[in-house]
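# Architecture at a glance
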Amino acid sequence: PPPVPPAEDIAPGAVIWSLFLALLLFAFHLVTGPATNAGEFFTSGVLDVGRVFEGEWWRVITALTLHADMAHVAANSAALIALGIATSQQLGPGLGWALGFAGGIGGNALEAWLAQPGRRSLGASTSVFAFLAILAALRFVSIWQHEGRPRAVWARSWLPLFAALGA
């Protein structure tokens, strides 16, 4: 096997931005409350497929900030911290988080396009999956760039992509 490169220190910006953005999700949840309250934020912000097709395109963005309850926002925040740090370490916090949120917005838009009218969803899970896809793609490229025998790395290079799809 090839030698293992030395571990890199975690870039402070990767940690700071990941914690800051996860704390923003918590803070916003304290303002909106749980979905059971169904306040104005949920009425105008949840991803509602029918309303997106009626022109309320912003719902593919605002749904990322709304969570059903404290456990939901905690799970998404924990995943976003871990995956945000890993992605920011490789791409930088600005590009890493921009791609993660853009992927979440794109995932919500795809859901709105494919789902039946009446479907409603909320949460930052689509951004979590976007981060997984980014990390899988980065690993795929890394394997192909750093290992010289394409036939030998074929199975290992595709594994991260299939693992991300399975998640």
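Above this text sits the structure in question.
Residues numbered from 1 in each chain as written. Predicted model: local features only at pLDDT ≥ 70, side-chain atom pairs only at ≥ 80, totals over all residues. Heavy atoms only, no water.

### Observations regarding the overall build of the protein
In terms of regular secondary structure, the protein is built from eight helices and two strands. Counting helices and strands in the order they occur from the N terminus, the protein gives α-α-β-α-α-α-α-β-α-α. A burial count over the protein gives 34% of its 167 residues as buried. In the protein, the proportion of contacts linking residues at least 24 apart, taken out of those at least 6 apart, comes to 73%. Accessible area of the protein: about 9800 Å², with a carbon and sulfur share of 71%. (Helix = DSSP H or I, 4+ residues; strand = E, 2+ residues; numbered from the N terminus. Buried < 20%, exposed > 50% of the residue type's maximum accessible area, 1.4 Å probe, protein only. Contact = heavy atoms within 4.5 Å. Areas by Shrake-Rupley, 256 points an atom, 1.4 Å probe, with all protein chains shown as cover.)

### Side note on the side chain of Glu111
Mapped onto the elements, Glu111 comes out in helix 6 (residues 93-114). Among the polar contacts made by the side chain of Glu111, one reaches the side chain of Ser121 at a distance of 3.2 Å. Those residues within four positions of Glu111 in sequence are excluded, and the remaining contacts are Leu47, Val49, Arg119 and Ser121. (Polar contact = N/O pair within 3.5 Å; in protein donor to acceptor, adjacent residues only side chain to side chain.)

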